[in-house]
Amino acid sequence: MEKYYDVNKRRWNELVDIHAKSDEYDLDGFISGKNSLHSIELEALGDVSGKSLLHLQCHFGLDTLSWGRLGARVTGVDFSDTAIELARSLAARTGVNADFICGNVYDLPKHLDGEFDVVFTSYGALCWLHNMEAWAEIVARYLRPGGTFFIAEFHPFMWVFDDEWPSELRVKYRYWQGEEPDYYEADGSYADPEAKVVNRSSYEWAHPMSEVVNALIGAGLTIRGLGEYPFSVDGTQIAFMEPGEDGYSRLPGYDLPLMYSIKATK
Ligand SMILES: C[S@@+](CC[C@H](N)C(=O)[O-])C[C@H]1O[C@@H](n2cnc3c(N)ncnc32)[C@H](O)[C@@H]1O
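Residues numbered from 1 in each chain as written. Predicted model: local features only at pLDDT ≥ 70, side-chain atom pairs only at ≥ 80, totals over all residues. Heavy atoms only, no water.

Draft legend 1. Here's a closer look at the pairing of strand β3 (residues 98–102). Across 5 bridges, strand β2 (residues 73–78) lies against β3 in parallel orientation. If you follow Val77 over to β3, its bridge partner there is Ile101. As a crossover connection, the stretch from β2 through helix α5 (residues 81–94) into β3 is right-handed. (Pairing = 2+ DSSP bridges. Helix = DSSP H or I, 4+ residues; strand = E, 2+ residues; numbered from the N terminus. Right-handed = clockwise from strand over helix to strand, strands pointing away.)

Draft legend 2. The arrangement of the site of the ligand in detail. Not every one of the 17 residues close to the ligand is listed here, only the nearest: Tyr25, His59, Asp78, Val105 and Ser122. One of the backbone nitrogen or oxygen atoms of Val105 is found 3.0 Å away from a nitrogen atom of the ligand. Considered on its own, the ligand offers 600 Å² of accessible surface; in the complex 95% of this is hidden by protein. Here the residues of the shell around the ligand are counted per class, giving 9 nonpolar, 7 polar and 1 charged. (Near = heavy atom within 4 Å. Polar contact = N/O pair within 3.5 Å; in protein donor to acceptor, adjacent residues only side chain to side chain. Areas by Shrake-Rupley, 256 points an atom, 1.4 Å probe, with all protein chains shown as cover. Nonpolar A, V, L, I, M, F, W, Y, C, P; charged D, E, K, R; others polar.)

Draft legend 3. Fine view of helix α4 (residues 62–69). Burial within α4 is extensive, with 7 of its 8 residues counted as buried. Looking one or two residues past α4, Gly71 carries a phi angle of roughly 105 degrees, positive in sign. (Buried < 20%, exposed > 50% of the residue type's maximum accessible area, 1.4 Å probe, protein only.)

Draft legend 4. Focus on the sheet that holds strand β4 (residues 116–122). One open sheet holds the 7 strands; their spatial order is β3-β2-β1-β4-β5-β11-β8, and the pairing between them is mixed. Looking at strand neighbours, the two that pair on one side only are β3 and β8 (222–229), the edges of this open sheet. Sheet twist, expressed as the mean angle between neighbouring strand axes with direction ignored, is 15 degrees. Relative to the sheet, α4 contacts β1 (52–56), β2, β3 and β4, its axis offset from that of β2 by approximately 175 degrees. Sheet strands touched by helix α7 (residues 132–142): β1, β4 and β5 (143–154). Its angle to β5, the strand with the most contacts, is close to 140 degrees. (Axes fitted to C-alpha atoms, helices over the stretch in contact; angles between N-to-C directions. Contact = heavy atoms within 4.5 Å.)

Draft legend 5. Spatial organisation of the packing of aromatic side chains. In total, this model carries 19 aromatic pairs according to the counting rule given. Seen in terms of ring centroids, Trp67 and Phe120 are 5.4 Å apart; in terms of plane orientation they differ by 75 degrees. Their pairing is edge-to-face. Placement of Trp67 in helix α4 and of Phe120 in strand β4 is noted, with a sequence separation of 53 residues between them. Given a relative accessible area of 0%, Trp67 falls into the buried group. Centroid distance Phe231 to Tyr248: 4.5 Å. Interplanar angle 40 degrees. Geometry classified as tilted. Within this pair, whereas Phe231 is found in the loop between β8 and β9 (242–243), its partner Tyr248 is found in the loop between β9 and β10 (249–250), the two being separated by 17 residues in sequence. Judged by relative accessible area, which is 16%, Phe231 ranks as buried. Note on Tyr248: relative accessible area 6%, which makes it buried. Put simply, the rings of Tyr4, Tyr5, Tyr106, Tyr183, Tyr203 and Trp205 touch in pairs and so form one group of aromatic residues. (Phe/Tyr/Trp six-rings, centres within 6.5 Å; stacked < 30°, edge-to-face > 60°.)

Draft legend 6. Layout of the nonpolar core. Formed by 46 residues in total, the largest nonpolar core has its most connected members in Ile40, Trp67 and Met259. Of all the elements in the fold, those that place two or more residues in this core are α1 (2–20), α2 (27–31), α3 (39–45), α4, α5, β3, β4 and β5. For this core, the element with the highest residue contribution is α5, accounting for 6 residues. Not counting residues within four places of it along the chain, the set of residues in contact with Met259 comprises Ile40, Tyr123, Glu153, Phe154, His155, Gly227, Glu228, Tyr229, Phe231, Ser232, Val233 and Tyr248. Counting residues in each nonpolar core, the second largest holds 45 residues, with Cys127, Tyr203, Ala219 and Leu221 among its members. (Core = buried A, V, L, I, M, F, W, Y, C linked by side-chain atoms within 4.5 Å.)

Draft legend 7. View of the side chain of Gln57. Locating Gln57 in the fold gives a position in the loop between β1 and α4. With a relative accessible area of 17%, Gln57 lands in the buried category. Gln57 has contacts with Val77, Asp78, Val105, Thr121, Ala125, Trp128 and Leu129, leaving out every residue within four places of it along the chain.

Draft legend 8. Representation of helix α8 (residues 209–218) in the model. What α8 keeps buried is the set Met209, Val212, Val213, Ala215 and Leu216. The buried residues of α8 occupy an angular sector of 160 degrees when projected down its axis, which confines them to one face. On its buried face, α8 is in contact with α7, β5, β8 and β11 (259–265). Just beyond α8, the residue with positive phi is Gly220, at close to 95 degrees. (Arc of directions from axis to C-beta.)

So this is what it looks like as C-alpha coordinates:
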(Lines give C-alpha, C1' and ligand atoms only; values in the text may rest on other atoms or scores of the structure.)
Protein backbone atom coordinates (compact mmCIF):
# COMPACT_ATOMS: atom_id res chain seq x y z
CA MET A 1 0.00 0.00 0.00
CA GLU A 2 2.91 2.31 0.73
CA LYS A 3 3.54 2.88 -2.97
CA TYR A 4 -0.04 4.11 -3.51
CA TYR A 5 -0.01 6.34 -0.45
CA ASP A 6 3.34 7.89 -1.38
CA VAL A 7 2.01 8.84 -4.81
CA ASN A 8 -1.22 10.25 -3.35
CA LYS A 9 0.63 12.18 -0.66
CA ARG A 10 2.88 13.86 -3.22
CA ARG A 11 -0.18 15.01 -5.14
CA TRP A 12 -1.99 16.25 -2.03
CA ASN A 13 1.12 18.09 -0.83
CA GLU A 14 1.20 19.96 -4.12
CA LEU A 15 -2.54 20.66 -4.15
CA VAL A 16 -2.49 22.43 -0.78
CA ASP A 17 -1.00 25.65 -2.12
CA ILE A 18 -3.34 25.60 -5.13
CA HIS A 19 -6.36 25.06 -2.88
CA ALA A 20 -5.23 27.73 -0.45
CA LYS A 21 -5.29 30.26 -3.31
CA SER A 22 -8.63 29.05 -4.74
CA ASP A 23 -12.01 30.78 -4.57
CA GLU A 24 -13.48 27.44 -3.53
CA TYR A 25 -11.63 27.45 -0.19
CA ASP A 26 -11.84 31.27 0.20
CA LEU A 27 -9.05 31.53 2.75
CA ASP A 28 -9.48 35.30 3.19
CA GLY A 29 -13.16 34.80 3.96
CA PHE A 30 -12.30 32.07 6.43
CA ILE A 31 -9.67 34.20 8.19
CA SER A 32 -12.17 37.01 8.54
CA GLY A 33 -14.65 34.68 10.26
CA LYS A 34 -16.53 32.66 7.62
CA ASN A 35 -17.53 29.12 8.66
CA SER A 36 -16.60 26.50 6.04
CA LEU A 37 -19.06 23.84 7.23
CA HIS A 38 -22.25 22.93 5.37
CA SER A 39 -25.81 22.69 6.65
CA ILE A 40 -25.73 18.86 6.45
CA GLU A 41 -23.01 18.37 9.06
CA LEU A 42 -24.02 21.42 11.11
CA GLU A 43 -27.58 20.12 11.50
CA ALA A 44 -26.46 16.52 12.08
CA LEU A 45 -24.01 17.30 14.89
CA GLY A 46 -25.90 20.23 16.44
CA ASP A 47 -24.30 22.03 19.36
CA VAL A 48 -20.66 20.90 19.63
CA SER A 49 -19.56 23.40 22.26
CA GLY A 50 -17.43 21.79 24.94
CA LYS A 51 -17.20 18.53 22.99
CA SER A 52 -13.96 16.91 21.89
CA LEU A 53 -13.95 16.36 18.12
CA LEU A 54 -11.53 14.38 15.96
CA HIS A 55 -11.52 15.31 12.27
CA LEU A 56 -10.09 12.61 9.99
CA GLN A 57 -8.50 13.79 6.70
CA CYS A 58 -8.85 17.43 7.66
CA HIS A 59 -6.93 18.85 4.66
CA PHE A 60 -5.60 22.26 5.83
CA GLY A 61 -8.06 22.45 8.64
CA LEU A 62 -10.79 24.88 7.62
CA ASP A 63 -13.59 22.56 8.74
CA THR A 64 -11.64 21.51 11.84
CA LEU A 65 -11.13 25.16 12.83
CA SER A 66 -14.76 25.94 12.00
CA TRP A 67 -15.88 23.28 14.52
CA GLY A 68 -13.37 24.91 16.89
CA ARG A 69 -14.95 28.31 16.36
CA LEU A 70 -18.27 26.71 17.33
CA GLY A 71 -16.76 25.70 20.65
CA ALA A 72 -15.50 22.15 20.06
CA ARG A 73 -12.06 21.06 21.29
CA VAL A 74 -10.65 19.96 17.96
CA THR A 75 -7.96 17.64 16.64
CA GLY A 76 -7.36 17.33 12.91
CA VAL A 77 -5.45 14.56 11.14
CA ASP A 78 -4.08 14.47 7.61
CA PHE A 79 -1.13 12.74 5.93
CA SER A 80 -0.09 15.84 3.96
CA ASP A 81 2.76 17.74 5.66
CA THR A 82 2.00 20.91 3.75
CA ALA A 83 -1.69 20.70 4.73
CA ILE A 84 -0.88 20.26 8.41
CA GLU A 85 1.69 23.06 8.29
CA LEU A 86 -0.92 25.43 6.85
CA ALA A 87 -3.59 24.20 9.30
CA ARG A 88 -1.29 24.98 12.24
CA SER A 89 -0.52 28.46 10.92
CA LEU A 90 -4.24 29.15 10.35
CA ALA A 91 -4.98 28.05 13.92
CA ALA A 92 -2.35 30.50 15.18
CA ARG A 93 -3.59 33.28 12.90
CA THR A 94 -7.27 32.89 13.81
CA GLY A 95 -6.62 32.19 17.50
CA VAL A 96 -8.54 28.90 17.43
CA ASN A 97 -7.17 26.31 19.83
CA ALA A 98 -6.56 23.15 17.78
CA ASP A 99 -4.21 20.18 17.58
CA PHE A 100 -3.10 18.99 14.16
CA ILE A 101 -1.43 15.64 13.58
CA CYS A 102 0.39 14.66 10.41
CA GLY A 103 -0.04 11.00 9.56
CA ASN A 104 -1.90 8.35 7.64
CA VAL A 105 -5.34 7.65 9.11
CA TYR A 106 -4.38 3.99 9.49
CA ASP A 107 -1.28 4.92 11.55
CA LEU A 108 -3.12 7.22 13.93
CA PRO A 109 -2.71 4.96 17.00
CA LYS A 110 1.06 5.57 16.66
CA HIS A 111 0.50 9.31 17.14
CA LEU A 112 -2.65 9.79 19.21
CA ASP A 113 -4.15 8.44 22.44
CA GLY A 114 -7.52 9.12 23.97
CA GLU A 115 -11.17 9.09 22.96
CA PHE A 116 -13.45 11.75 21.52
CA ASP A 117 -17.10 12.77 21.82
CA VAL A 118 -17.29 13.17 18.04
CA VAL A 119 -15.37 11.71 15.11
CA PHE A 120 -16.03 13.55 11.85
CA THR A 121 -14.94 13.18 8.24
CA SER A 122 -16.31 14.56 4.99
CA TYR A 123 -16.49 15.09 1.23
CA GLY A 124 -13.80 13.30 -0.71
CA ALA A 125 -12.18 11.34 2.12
CA LEU A 126 -12.97 7.65 1.66
CA CYS A 127 -11.79 7.28 -1.96
CA TRP A 128 -8.22 7.77 -0.65
CA LEU A 129 -8.42 4.83 1.75
CA HIS A 130 -7.89 1.20 0.73
CA ASN A 131 -9.71 -0.69 3.47
CA MET A 132 -13.05 0.28 5.02
CA GLU A 133 -12.94 -2.33 7.80
CA ALA A 134 -9.59 -1.07 9.10
CA TRP A 135 -10.81 2.53 8.73
CA ALA A 136 -13.99 1.80 10.71
CA GLU A 137 -11.86 0.20 13.46
CA ILE A 138 -9.94 3.50 13.68
CA VAL A 139 -13.22 5.44 13.92
CA ALA A 140 -14.47 3.13 16.69
CA ARG A 141 -11.09 3.22 18.47
CA TYR A 142 -11.30 7.02 18.88
CA LEU A 143 -14.97 7.30 19.90
CA ARG A 144 -15.79 7.26 23.56
CA PRO A 145 -18.70 4.97 24.50
CA GLY A 146 -21.83 6.97 23.60
CA GLY A 147 -19.84 9.18 21.20
CA THR A 148 -21.05 10.11 17.71
CA PHE A 149 -19.50 9.47 14.33
CA PHE A 150 -20.64 11.52 11.34
CA ILE A 151 -19.60 11.30 7.73
CA ALA A 152 -20.91 13.25 4.72
CA GLU A 153 -19.56 11.91 1.42
CA PHE A 154 -20.06 11.82 -2.32
CA HIS A 155 -22.46 9.05 -3.27
CA PRO A 156 -20.55 6.05 -4.67
CA PHE A 157 -23.29 5.51 -7.27
CA MET A 158 -22.28 8.78 -8.96
CA TRP A 159 -18.67 7.63 -9.43
CA VAL A 160 -19.83 5.23 -12.18
CA PHE A 161 -20.56 8.11 -14.57
CA ASP A 162 -18.23 9.92 -16.94
CA ASP A 163 -17.69 13.17 -15.04
CA GLU A 164 -16.47 15.02 -18.14
CA TRP A 165 -19.36 14.23 -20.50
CA PRO A 166 -20.95 17.64 -21.07
CA SER A 167 -24.68 16.95 -21.37
CA GLU A 168 -25.92 13.60 -20.04
CA LEU A 169 -24.94 10.72 -17.76
CA ARG A 170 -22.94 7.93 -19.38
CA VAL A 171 -21.71 4.94 -17.39
CA LYS A 172 -17.91 4.76 -17.59
CA TYR A 173 -16.69 3.06 -14.41
CA ARG A 174 -17.64 0.00 -12.34
CA TYR A 175 -19.44 0.37 -9.00
CA TRP A 176 -17.47 -2.26 -7.06
CA GLN A 177 -13.73 -1.99 -6.59
CA GLY A 178 -11.48 -4.68 -8.10
CA GLU A 179 -8.31 -6.00 -6.47
CA GLU A 180 -6.20 -2.94 -7.35
CA PRO A 181 -7.00 0.75 -6.88
CA ASP A 182 -7.97 2.84 -9.89
CA TYR A 183 -5.15 4.88 -11.37
CA TYR A 184 -5.78 8.47 -12.55
CA GLU A 185 -3.70 11.17 -14.18
CA ALA A 186 -4.96 14.72 -14.02
CA ASP A 187 -3.82 18.29 -13.61
CA GLY A 188 -6.15 20.48 -11.56
CA SER A 189 -8.63 19.45 -8.91
CA TYR A 190 -12.20 20.21 -7.87
CA ALA A 191 -11.02 23.50 -6.31
CA ASP A 192 -9.11 24.68 -9.39
CA PRO A 193 -9.73 22.53 -12.49
CA GLU A 194 -7.37 24.71 -14.59
CA ALA A 195 -4.32 24.38 -12.32
CA LYS A 196 -1.21 22.67 -13.70
CA VAL A 197 0.57 20.26 -11.37
CA VAL A 198 3.77 18.22 -11.43
CA ASN A 199 2.26 15.32 -9.49
CA ARG A 200 -0.50 14.27 -11.87
CA SER A 201 -0.87 10.67 -10.67
CA SER A 202 -3.18 9.33 -7.99
CA TYR A 203 -4.71 6.05 -6.84
CA GLU A 204 -8.28 5.85 -5.60
CA TRP A 205 -10.57 3.19 -4.21
CA ALA A 206 -14.33 2.93 -4.78
CA HIS A 207 -16.34 2.09 -1.67
CA PRO A 208 -19.93 1.04 -2.27
CA MET A 209 -22.46 2.14 0.33
CA SER A 210 -22.84 -1.41 1.69
CA GLU A 211 -19.09 -1.67 2.30
CA VAL A 212 -19.02 1.56 4.35
CA VAL A 213 -22.16 0.76 6.38
CA ASN A 214 -21.12 -2.84 7.04
CA ALA A 215 -17.62 -1.78 8.08
CA LEU A 216 -19.08 0.61 10.68
CA ILE A 217 -21.49 -2.06 11.95
CA GLY A 218 -18.63 -4.58 12.03
CA ALA A 219 -16.57 -2.18 14.16
CA GLY A 220 -19.38 -2.17 16.73
CA LEU A 221 -21.09 1.12 15.89
CA THR A 222 -24.87 1.57 15.81
CA ILE A 223 -26.17 3.33 12.72
CA ARG A 224 -28.56 6.10 13.78
CA GLY A 225 -29.29 7.67 10.42
CA LEU A 226 -28.50 7.43 6.73
CA GLY A 227 -29.07 10.41 4.43
CA GLU A 228 -29.04 10.71 0.63
CA TYR A 229 -29.05 14.07 -1.12
CA PRO A 230 -29.87 15.11 -4.72
CA PHE A 231 -27.34 17.97 -4.45
CA SER A 232 -23.61 18.27 -3.88
CA VAL A 233 -20.98 20.50 -2.30
CA ASP A 234 -18.84 19.87 -5.39
CA GLY A 235 -20.06 21.48 -8.60
CA THR A 236 -17.38 19.64 -10.60
CA GLN A 237 -18.62 16.17 -9.64
CA ILE A 238 -20.31 15.91 -13.07
CA ALA A 239 -19.52 18.38 -15.89
CA PHE A 240 -23.03 19.79 -16.36
CA MET A 241 -23.94 20.43 -12.74
CA GLU A 242 -25.41 23.82 -11.90
CA PRO A 243 -24.62 25.81 -8.75
CA GLY A 244 -27.51 26.86 -6.54
CA GLU A 245 -27.88 29.87 -4.31
CA ASP A 246 -27.93 27.61 -1.24
CA GLY A 247 -24.28 26.63 -1.83
CA TYR A 248 -25.15 23.20 -3.26
CA SER A 249 -24.91 22.17 -6.93
CA ARG A 250 -27.54 20.08 -8.72
CA LEU A 251 -27.71 17.83 -11.76
CA PRO A 252 -30.35 19.20 -14.16
CA GLY A 253 -32.64 16.54 -15.63
CA TYR A 254 -31.71 13.84 -13.10
CA ASP A 255 -33.16 13.03 -9.72
CA LEU A 256 -30.24 10.99 -8.35
CA PRO A 257 -28.30 10.79 -5.09
CA LEU A 258 -25.15 12.94 -5.29
CA MET A 259 -24.09 12.70 -1.64
CA TYR A 260 -24.86 10.60 1.43
CA SER A 261 -24.34 10.86 5.15
CA ILE A 262 -24.14 8.40 8.02
CA LYS A 263 -24.60 9.12 11.70
CA ALA A 264 -23.56 6.38 14.08
CA THR A 265 -22.88 6.00 17.78
CA LYS A 266 -20.64 3.73 19.83
C1 LIG B 1 -10.65 15.94 -0.52
S2 LIG B 1 -9.66 16.26 0.85
C3 LIG B 1 -10.80 16.34 2.16
C4 LIG B 1 -11.67 17.44 1.92
C5 LIG B 1 -12.11 18.16 3.11
N6 LIG B 1 -13.47 17.78 3.37
C7 LIG B 1 -11.99 19.61 2.76
O8 LIG B 1 -12.74 20.10 1.91
O9 LIG B 1 -11.11 20.27 3.24
C10 LIG B 1 -8.90 14.72 1.18
C11 LIG B 1 -7.82 14.83 2.24
O12 LIG B 1 -7.43 13.51 2.60
C13 LIG B 1 -6.05 13.49 2.85
N14 LIG B 1 -5.64 12.09 2.77
C15 LIG B 1 -5.69 11.28 1.70
N16 LIG B 1 -5.33 10.04 2.04
C17 LIG B 1 -5.05 10.06 3.37
C18 LIG B 1 -4.63 9.09 4.30
N19 LIG B 1 -4.43 7.83 3.93
N20 LIG B 1 -4.44 9.45 5.59
C21 LIG B 1 -4.63 10.75 5.98
N22 LIG B 1 -5.03 11.72 5.13
C23 LIG B 1 -5.23 11.38 3.84
C24 LIG B 1 -5.46 14.42 1.80
O25 LIG B 1 -4.20 14.91 2.16
C26 LIG B 1 -6.54 15.51 1.75
O27 LIG B 1 -6.20 16.57 2.62
